[in-house]
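In case you want the letters, here they are:
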Amino acid sequence: GESVGLHLPTLSVQEGDNSIINCAYSNSASDYFIWYKQESGKGPQFIIDIRSNMDKRQGQRVTVLLNKTVKHLSLQIAATQPGDSAVYFCAENFGPNSAGGTSYGKLTFGQGTILTVHP
Amino acid sequence: SQTIHQWPATLVQPVGSPLSLECTVEGTSNPNLYWYRQAAGRGLQLLFYSVGIGQISSEVPQNLSASRPQDRQFILSSKKLLLSDSGFYLCAWSGGGTQETQYFGPGTRLLVL
């Protein structure tokens, strides 16, 4: 059965504020990272990705920062809106080296952070 | 553009009954396919992945199995469901090679009673 009392990290912000969601990844050999947004009852939706040869990547209202030294990934959402309320997952990919040269795209997901945006 | 479908959307099954969940992908060929399970308030657990027809790799021991009878069809099955099989089942696809982004389907919510 499920663990009772397991709580995901939560972040509550006011509409219009900027949000920062953090993620610590586990494998220093990971070379590809993705942020997903999951709304209640739906499948995860791709937001933005970044490869390990980059430190920063920007999308529409979102920015991903990668700090390989401390194995840390963050997602910044500008001017957060109520529609941004969801669970956010980071995912890391170990790359082709772990599979003898064949990359089959296996991802390891973080536990998730609940973002709540108040109007 | 590519789309991924899962059905059924919701399923209530008694303990000990069989299970068959289906996932199909459109708009791409030779995708990598994945089955995940997500318990309430938890992250995603990879169950199976497939890099081609008939090629299935299992990530965790369990009473579930997967099959890939066609290039863009992925099926999750069980002969006898357990209470612990309840959860949200997600199918995903990615391109082969270095295209590692995974795109998820809408999911199937399974409740075993």
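Within each chain, residue numbers correspond to sequence positions counted from 1 in written order. Chains carry letters from A onward and ligands carry numbers from 1 onward, assigned in written order. With the structure being a predicted model, the display of local features is reserved for residues of pLDDT at least 70 and the display and counting of side-chain atom pairs for 80 or more, all residues being used for whole-chain, interface and lining totals. To obtain the side-chain values, all non-hydrogen atoms of the structure were included, while hydrogens and water were left out.

Participant: In this structure, what is going on with the packing of aromatic side chains? I would like to understand it.
Facilitator: In this description, an aromatic ring pair is defined by two values, namely the gap between the centres and the angle between the planes. All names here are of chain A. For Phe, Tyr and Trp, where Trp contributes only its six-membered ring, two rings pair if their centres lie within 6.5 Å, and the inter-plane angle classes them as stacked under 30 degrees, edge-to-face over 60, or tilted in between. Using the criterion set out here, one finds 11 aromatic pairs over all chains in the structure. A centroid spacing of 5.6 Å and a plane angle of 40 degrees characterise the contact between Y36 and F109, whose relative ring orientation is tilted. Placement of Y36 in strand β3 (residues 32–38) and of F109 in strand β9 (residues 107–109) is noted, with a sequence separation of 73 residues between them. Judged on exposure class, the residue Y36 and its partner F109 are both buried. Starting at the N terminus, helices and strands are each numbered in turn, a helix being any DSSP run of H or I of at least four residues and a strand any DSSP run of E of at least two. Here's how the labels work: a residue is buried when its accessible area is under 20% of the maximum for its type, exposed when over 50%, partly exposed in between, all with a 1.4 Å probe on protein chains only.

Participant: Where do I start with the sheet that holds strand β7 (residues 72–77) of chain A in this structure?
Facilitator: Backbone hydrogen bonds are what pair the strands of a sheet, in a parallel or an antiparallel way. Residues and elements named next belong to chain A. For two strands to be treated as a pair, DSSP must find no fewer than two bridges joining them. If you walk across this open sheet you meet the four strands as β2-β7-β6-β5, and the pairing is antiparallel. Strands with a single pairing partner mark the edges of an open sheet, and in this sheet they are β2 (19–24) and β5 (56–58). Strand-to-strand twist of the sheet, defined as the mean angle between neighbouring strand axes without regard to direction, takes the value 15 degrees. Pairing of strand β6 (residues 62–67) with β7 involves six bridges; the strand directions are antiparallel. The residue of β7 that forms the bridge with L65 is S74. Note on geometry: axes are lines fitted to C-alpha atoms, helical ones only across the stretch in contact, with angles between N-to-C directions running from 0 to 180 degrees.

Participant: Quick question: what am I supposed to make of the interface of chain B and chain A here?
Facilitator: It is common to give the size of an interface as the accessible area that goes away when the parts come together. In what follows, a contact means two residues having at least one pair of non-hydrogen atoms within 4.5 Å. Between chain B and chain A, the contact holds 26 residues from the first and 25 residues from the second. Salt bridge, as applied in this entry: a Lys or Arg side-chain nitrogen positioned within 4 Å of an Asp or Glu carboxyl oxygen. Seen at the junction of chain B and chain A, the total is zero salt bridges. Each polar contact in these results corresponds to two N or O atoms within 3.5 Å; when the atoms are within protein, one needs to be able to donate a hydrogen and the other to accept it, and residues that are neighboring in sequence are counted only if both atoms are side-chain atoms. Inspection of the chain B/chain A interface yields three residue pairs in polar contact (both at pLDDT 80 or more). When contributions to the side of chain B that touches chain A are tallied by element, the ones reaching two or more residues are β4 (32–38), β5 (44–52), β9 (87–94) and β10 (103–104) of chain B. Tallied by class, residues from the side of chain B that touches chain A come to 13 nonpolar, nine polar and four charged. We call Asp, Glu, Lys and Arg charged. Ala, Val, Leu, Ile, Met, Phe, Trp, Tyr, Cys and Pro are nonpolar, and the rest, Gly among them, are polar.

Participant: Looking at this structure, how should I read the side chain of D85 of chain B?
Facilitator: Positionally, D85 of chain B belongs in the loop between β8 (73–78) and β9. With near-sequence residues (within four places) excluded, D85 of chain B lies in contact with R37, N63, L64, K80, L110 and V112 of chain B.

Participant: Where do I start with the nonpolar core in this structure?
Facilitator: Across soluble globular proteins, nonpolar side chains have a tendency to be buried as a group. In plain words, nonpolar cores are sets of buried Ala, Val, Leu, Ile, Met, Phe, Trp, Tyr and Cys residues tied together by side-chain atoms within 4.5 Å. Counting 20 residues, the largest nonpolar core has W35, F48, L76 and Y89 of chain B as the members making the most contacts within it. Elements supplying a minimum of two residues to this core: β3 (19–26), β4, β5, β7 (64–70), β8, β9 and β11 (108–112) of chain B. Take this core: its biggest share by element is four residues, from β3 of chain B. C23, F33, I48 and V62 of chain A belong to the second largest nonpolar core, which has 19 residues in total.

Participant: Is there a simple way to think about unusual backbone geometry in this case?
Facilitator: Residue and element names in this part refer to chain B. Residue P8 follows W7 across a cis peptide bond; omega there is 0 degrees. Relative to the elements of secondary structure, P8 occurs in the loop between β1 (3–7) and β2 (10–13). With a phi angle near 50 degrees, N30 is a residue other than glycine that sits in the positive phi range. Mapped onto the elements of the fold, N30 is located in the loop between β3 and β4.

Just geometry here; none of it tells us what the structure is for.
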